[in-house]
Amino acid sequence: QVVLVERGGGLVQAGGSLRLSCAASGRTISNYVMGWFRQAPGREREFVAAISRSSGSTYYSDSVKGRFTISRDNAESTAYLQMNSLKPEDTAVYYCAAKATGAGYDRSPRGYDYWGQGTQVTVSS
């Protein structure tokens, strides 16, 4: 069992930046593919980014590619999402997730085994 806690959300103006963190306890995150998802009101939870266990590979949705950067520090059992050039359409609750099985990432929330409670990101225009 791993418990994930996100931090770093908040209110920012369009064009600004935020850095989200996802701290894990219970087990080291080195055993998991880590992902970030987001969910806006009335919409389904959508994939944002994922990173392999060794940080050798990263994956992004088209909507954030070039603006967001996912990273991880296995020694600190923490994953990060650096968000730059934020847009109002990035407003959502952001969740981190851990995928225990398989080597590849997954764009579907169903592929992940553990979830954080979420952190709100609001981008004003």
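Note that the coordinates shown come from a computational prediction; the quantities given were computed from them, not determined experimentally.

K.L.:
Talk me through the nonpolar core; I want residue IDs and the actual numbers.
P.N.:
Ranked by size, the top nonpolar core spans 29 residues in total, and within it L4, M34, W36, L81, M83 and Y94 carry the most contacts. Breaking this core down by element, the ones donating at least two residues are strand 3 (18–25), strand 4 (33–39), strand 5 (46–51), strand 7 (68–73), strand 8 (78–83), strand 9 (92–99) and strand 11 (119–124). If we ignore the near neighbours within four places in the chain, the residues touching L81 are L18, R19, L20, W36, V48, A49, F68, T69, I70 and Y94. Formed by five residues, the second largest nonpolar core is a distinct cluster that contains F37, A50, A97 and Y112.

K.L.:
Let's hear about the packing of aromatic side chains: which residues, and what values?
P.N.:
Going through the model one piece at a time under the given rule, you end up with eight aromatic pairs. Aromatic side chains Y59 and Y105 sit 3.8 Å apart centroid to centroid with 10° between the ring planes, which places their arrangement in the stacked category. Within this pair, whereas Y59 is found in strand 6 (residues 58–60), its partner Y105 is found in the loop between strand 9 and strand 10 (114–115), the two being separated by 46 residues in sequence. When the centroid spacing of 6.4 Å and the interplanar angle of 80° are considered together, the rings of Y95 and W115 count as edge-to-face. Of the two residues, Y95 sits in strand 9 while W115 sits in strand 10, which places them 20 residues apart along the sequence. Members of the aromatic cluster, joined through ring pairs, are F37, F47, Y59, Y95, Y105, Y112 and W115. Its guanidinium or amino end placed over the ring of Y95, R45 lies 3.7 Å from that ring's centre, counting from NZ or CZ. Against the face of W115 rests R45, its NZ or CZ located 4.8 Å from the ring centre.

K.L.:
Tell me about the side chain of R67, residues and numbers included.
P.N.:
In this structure, R67 sits in the loop between strand 6 and strand 7. A polar contact is formed between the side chain of R67 and the backbone oxygen of S63, at a distance of 2.8 Å. If we skip the residues at most four places from it in the chain, R67 touches Q82, M83, N84, S85, L86, K87 and D90.

Quick notes on the rules
Here the residue numbers are simple positions, counted from 1 along each chain's written sequence. Note on the predicted model: pLDDT of at least 70 is required for a residue's local features to be given, and 80 or more for side-chain atom pairs to be given and counted; whole-chain, interface and lining totals, by contrast, use all residues. Side-chain measures here rest on the full set of heavy atoms in the structure, leaving out hydrogens and waters. We define a nonpolar core as any set of buried Ala, Val, Leu, Ile, Met, Phe, Trp, Tyr and Cys residues linked to one another through side-chain atoms lying within 4.5 Å. Buried residues are those whose accessible area, probed at 1.4 Å on protein chains only, stays under 20% of the maximum for their type, while exposed residues exceed 50% and partly exposed ones sit between those limits. Each helix is a run of DSSP H or I of at least 4 residues and each strand a run of E of at least 2, with the numbering of both proceeding from the N terminus. We call two residues in contact when some of their heavy atoms are within 4.5 Å. Ring geometry is summarised as follows: Phe, Tyr and Trp rings, the Trp one being its six-membered ring, pair when their centres sit within 6.5 Å, and such pairs are stacked at plane angles under 30 degrees, edge-to-face over 60 and tilted between the two. Only when the NZ of Lys or the CZ of Arg is both within 6 Å of the ring centre and within 35 degrees of the ring normal is a charge said to sit over the ring. Two N or O atoms form a polar contact when they lie within 3.5 Å of each other; inside protein one atom must be a possible hydrogen donor and the other a possible acceptor, and for residues adjacent in sequence the pair counts only when both atoms belong to side chains.

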